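# Structure assessment
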Amino acid sequence: QQQVKQSPQSLIVQKGGISIINCAYENTAFDYFPWYQQFPGKGPALLIAIRPDVSEKKEGRFTISFNKSAKQFSLHIMDSQPGDSATYFCAASRWYYGGSQGNLIFGKGTKLSVKP
Amino acid sequence: DTAVSQTPKYLVTQMGNDKSIKCEQNLGHDTMYWYKQDSKKFLKIMFSYNNKELIINETVPNRFSPKSPDKAHLNLHINSLELGDSAVYFCASSQESLLHNEQFFGPGTRLTVL
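I will try to describe carefully the structure that is included in this document. Values in this document were obtained by computation on a predicted structure and should not be read as measured data.

Cut-offs and rules
Residues numbered from 1 in each chain as written. Chains lettered and ligands numbered in written order. Predicted model: local features only at pLDDT ≥ 70, side-chain atom pairs only at ≥ 80, totals over all residues. Heavy atoms only, no water. Contact = heavy atoms within 4.5 Å. Buried area = accessible area lost by both parts, 1.4 Å probe. Salt bridge = Lys/Arg side-chain N within 4 Å of Asp/Glu carboxyl O. Polar contact = N/O pair within 3.5 Å; in protein donor to acceptor, adjacent residues only side chain to side chain. Helix = DSSP H or I, 4+ residues; strand = E, 2+ residues; numbered from the N terminus. Nonpolar A, V, L, I, M, F, W, Y, C, P; charged D, E, K, R; others polar. Pairing = 2+ DSSP bridges. Axes fitted to C-alpha atoms, helices over the stretch in contact; angles between N-to-C directions.

## Re the interface of chain B and chain A
Where the parts come together, the accessible area they lose is often given as the size of the interface. Across the contact, 27 residues belong to chain B and 23 residues belong to chain A. Roughly 1900 Å² of surface becomes buried between chain B and chain A when both sides are summed, with 56% attributable to carbon and sulfur atoms. Across the contact surface, chain B and chain A share 0 salt bridges. Taken together, chain B and chain A are joined by 2 residue pairs in polar contact (both at pLDDT 80 or more). Elements supplying a minimum of two residues to the side of chain B that touches chain A: β4 (31–37), β5 (43–50) and β9 (87–94) of chain B. Considered class by class, the residues forming the side of chain B that touches chain A number 11 nonpolar, 10 polar and 6 charged.

## Remarks on the sheet that holds strand β1 (residues 4–7) of chain A
Residues and elements named next belong to chain A. One open sheet holds the 5 strands; their spatial order is β1-β3-β8-β7-β6, and the pairing between them is antiparallel. This sheet does not close on itself; its edge strands, each paired only once, are β1 and β6 (56–59). The sheet shows a mean angle of 15° between the axes of neighbouring strands, direction not considered. Bridge count between strand β3 (residues 19–25) and strand β8 (residues 72–77): 6 bridges; the pairing is antiparallel. Across the sheet, the residue bridging to Asn22 is Ser74, located in β8.

## Some thoughts on the sheet that holds strand β7 (residues 64–70) of chain B
Residues and elements named next belong to chain B. Read from one edge of the open sheet, 4 strands run β1-β3-β8-β7, paired in antiparallel fashion. Looking at the sheet topology across the chains shown, the edges are occupied by β1 (4–7) and β7. Taking the axes of each pair of neighbouring strands and ignoring which way they run, one obtains an average angle of 20° across the sheet. Here 5 bridges tie β7 to strand β8 (residues 73–78), and the two strands are oriented antiparallel to one another. Looking at β8, one finds that Phe64 is bridged to Ile78.

What follows is the structure, encoded as structure tokens:
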């Protein structure tokens, strides 16, 4: 029940295209869904996050779509750029109540390559 | 101004040795974490710690122990290193708050056990 399943494992997109990464979770108690971006040799960094009171959140070229009934959420990167090439992790947790309830459960990551 | 820093960045050591990785955050956060990222990039929580409780992931061997000299530091000590401990270890921090839940990660320590 603690798993977060992420797909695809890798993704190659042409510059200007749309990158889509999908995640599914099992634990209905999860109510915070962030996406983290990791460049080679660096630590993950928060990209965008959503709570289930909305079905979509957009920040610039990045959009999270959330389907509570299906227990799925996805990241869409519009007008993908070579600089977006990185590994993307979805995650899920309880909204922070302290201690282990706030621990992030990560998906296994998607390596995105944007070709010029 | 590095928010979460770790030392060393690289650590190469022999099996059976004991080693420590240091982590410091200057964000004033009250919760710190250690994650292990394996060769397949899978990120797994090892510990979360604030001044109230230490939560240990039950799958973490007791050879691993976090030590927190103060609120800004959470060091990771590893006894009797094994080949399978080779990975990148990330420290992270966050602030216990109802307003946000972002974790800030350090740059990682690549541990290689020979």
